[in-house]
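Breakdown of the fold
Residues per chain, in single letters:
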Amino acid sequence: MHYGISILGILVVLFLAWVASNNRKKVKFIPIITMIVIQIILAVFLLNTEFGLIIIKGIANFFSTLLEYANEGVSFVFGGMANKGETPFFLNVLLPIVFISVLIGILQHLKILPFFMKGIGWVLSKVNRMGKLESYNAVASLMVGQSEVFITLKKQLDLLSKQRLYTLCASAMSTVSMSIVGAYMTMLEPKYVVTALVLNLFGGFIIASIINPYEINPNEDILEIQHLEKQSFFEMLGEYILDGFKVAIIVGAMLIGFIALVAAFNHVFELLFNISFQRLLGYLFAPIAFIMGIPLSEAVSAGGIMATKLVTNEFVAMMDLSGGNHQFSARTLGILSVFLVSFANFSSIGIITGAVKSLNEKQGNVVARFGMKLLYGATLVSILSGIIVSLVF
């Protein structure tokens with residue numbers, strides 16, 4: 001039964017993307033089917049094979065070790081602030097982002113990361129039948145973040161068509177930055193975080209190929225990466241340390257504001273309508289949860305978490321999933337976990353628009369005009385990834 005619902009879910013997602021397509025006649029279904037098959041194969045490999053689980057365990061142990069190193073620095077500065085036995089979210093989850101940000105900076109400085117991003121991007125371009133630029137951008141967004149990736153493409157921004165710009169922004173919103181993957185793994189099972197990263201990479205190409213199909217002239221498919229001004233090693237360290245700290249502070253501030261707002265909305269809605277705000281959103285998102293393979297008995301609660309992620313951010317939703325009083329089955333937990341690992345939320349529209357606008361005002365205005373369509377596509381990517389997991393669970 002659940003196989004039928006999952007297959008139906010995939011068809012529904014593809015149809016919803018097709019409805020919003022800029023040019024339905026140009027949609028190429030062979031690359032799309034190929035990438036869906038690749039998603040299924042990768043999900044089976046990562047979740048259902050011993051070798052896949054060994055790889056995920058290795059990645060999880062790697063990030064666990066990084067978090068231990070990070071906690072050495074956090075404990076030195078903030079040691080004694082937490083009560084015995086307590087684990088403050090800011091200290092244990094957000095501040096380690098600073099250390100991981102530094103590691104990314106070192107890999108960038110040594111030219112190791114750009115080499116891998118270009119190489120993997122080139123391989124992906126052979127599969128997705130899209131340009132080298134689009135494929136590089138998807139990998140780079142995963143490595144360095146949805147804002148920073150546009151800095152590396154600064155020279156080419158002004159030359160991009162509206163269609164190519166949409167694909168770049170959709171990839172940035174559909175993925176997450178490696179700098180906060182460790183934080184995710186403290187709230188969700190690592191195997192679902194890793195699986196989501198891989199599925200979203202291909203899912204972004206699938207949905208963008210339907211919503212935003214276009215042809216690329218081979219003569220125009222040039223990947224020219226903007227290298228930042230040459231810095232000394234310690235200048236780079238200082239910059240990435242501060243950048244990581246800014247991310248931790250910004251995420252912390254957003255969590256304070258959004259969690260407080262959700263609590264306020266829940267209280268007001270319960271007083272006025274005898275139903276919480278999240279419960280109401282849960283009913284609205286329950287049909288989506290159902291086509292993702294979540295049982296009807298859990299669809300409303302799951303829909304509430306999905307909606308929370310969309311209107312606030314993934315951290316708020318992950319905290320609700322991991323710390324809330326939910327009685328979800330293992331299958332529902334897996335589907336929801338994969339759905340939550342992306343930047344597809346309303347605040348990301350402003351983040352991406354601001355990032356592009358700071359580099360090229362004209363193109364930033366273009367991004368602002370298709371902001372809602374960007375969120376629509378990125379949300380479909382998350383839904384598709386959840387469905388793929390439900391199909392192989």
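Residues numbered from 1 in each chain as written. Predicted model: local features only at pLDDT ≥ 70, side-chain atom pairs only at ≥ 80, totals over all residues. Heavy atoms only, no water.

An unreviewed UniProt entry annotates the chain as NupC/NupG family nucleoside CNT transporter originating from Lederbergia citri. Quoted straight from UniProt, the Sequence similarities (unreviewed entry) entry for the chain says "Belongs to the concentrative nucleoside transporter (CNT) (TC 2.A.41) family." Quoted verbatim from the Subcellular location (unreviewed entry) heading of the UniProt record, the comment on the chain is "Cell membrane". (UniProt positions renumbered as here; feature names shortened; annotations may be inferred.)

With that settled, consider the overall build of the chain. Of regular secondary structure, the chain possesses 19 helices and zero strands. The globule rule puts the C-alpha radius of gyration for 393 residues at 21 Å, and the 21 Å found for the chain is close to it. Overall, the chain is about 60 × 55 × 45 Å in size when its C-alpha atoms are taken along their principal axes. Looking at the chain as a whole, 52% of its 393 residues qualify as buried. Across the chain, the fraction of contacts at a sequence separation of at least 24, relative to all contacts at a separation of at least 6, is 78%. Here the chain contributes 25 positive and 21 negative side-chain charges, whose respective centroids are spaced 10 Å apart. (Helix = DSSP H or I, 4+ residues; strand = E, 2+ residues; numbered from the N terminus. Rg over C-alpha atoms; globule rule 2.2 N^0.38 Å. Buried < 20%, exposed > 50% of the residue type's maximum accessible area, 1.4 Å probe, protein only. Contact = heavy atoms within 4.5 Å. Lys, Arg positive; Asp, Glu negative; His and termini not counted. Charge placed at Lys NZ, Arg CZ, Asp CG, Glu CD.)

Moving on, we come to unusual backbone geometry. Phi is positive for lysine 111, which is not a glycine, with a value near 65°. When you line up the elements, lysine 111 lands in the loop between helix H5 (96-109) and helix H6 (112-128).

Bringing a negative patch on the surface into the picture now. A surface patch of negative charge is lined by Glu148, Glu235, Glu239 and Asp243. Within the fold, aspartate 243 resides in helix H12 (residues 233-273). (Patch = residues over 30% accessible without salt bridge, like charges linked within 9 Å, V, L, I, M, F, W, Y side chains within 5 Å. Areas by Shrake-Rupley, 256 points an atom, 1.4 Å probe, with all protein chains shown as cover. Salt bridge = Lys/Arg side-chain N within 4 Å of Asp/Glu carboxyl O.)

Further remarks concern the nonpolar core. One finds Phe150, Cys169, Tyr184, Phe315, Val341 and Ile352 to be the most contacted residues of the largest nonpolar core, which totals 119 residues. Looking at this core element by element, the count peaks at 13 residues for helix H11 (residues 190-211). Setting aside residues up to four positions removed in sequence, isoleucine 352 forms contacts with Gln146, Phe150, Cys169, Ala172, Met173, Val367 and Leu374. (Core = buried A, V, L, I, M, F, W, Y, C linked by side-chain atoms within 4.5 Å.)

Turning our eyes to something else, we now look at the side chain of threonine 353. Along the chain, the position of threonine 353 falls in helix H17 (residues 346-359). Using a relative accessible area of 12% as the deciding quantity, one classes threonine 353 as buried. Contact partners of threonine 353, with chain neighbours within four places excluded, come to Gly364, Val367 and Ala368.

The next point concerns helix H18 (residues 361-369). For H18, every residue scored as buried is listed here: Gln363, Gly364, Val366 and Val367. Buried residues of H18, seen end-on, are gathered within an arc of 155° and therefore sit on one face of the element. Opposite the buried face of H18, at more than 90 degrees from it, the exposed residues are Glu361 and Arg369. The elements touched by buried residues of H18 are helix H8 (154-157), helix H9 (162-174), H17 and helix H19 (371-392). (Arc of directions from axis to C-beta.)

Before going further, it helps to spend a moment on the packing of aromatic side chains. Taken as a whole and assessed by the stated rule, the structure comprises eleven aromatic pairs. Judged by centre distance (6.4 Å) and plane angle (85°), the rings of tyrosine 69 and phenylalanine 99 are edge-to-face. Remark: phenylalanine 99 occurs in helix H5 and tyrosine 69 occurs in helix H3 (residues 50-78); sequence separation between them is 30 residues. In this structure phenylalanine 99 comes out as partly exposed when scored by relative accessible area, which is 25%. Arranged with centres 5.6 Å apart and planes meeting at 90°, the rings of phenylalanine 233 and phenylalanine 234 form a pair that is edge-to-face. By relative accessible area, phenylalanine 233 is classed as partly exposed at 33%. Joined through ring pairs, the aromatic side chains of Phe265, Phe269, Phe273 and Phe277 make up one cluster. Positioned above the aromatic ring of tryptophan 18 is the side chain of arginine 24, whose terminal nitrogen or guanidinium carbon lies 4.8 Å from the ring centre. (Phe/Tyr/Trp six-rings, centres within 6.5 Å; stacked < 30°, edge-to-face > 60°. Lys NZ or Arg CZ within 6 Å of the ring centre and 35° of its normal.)

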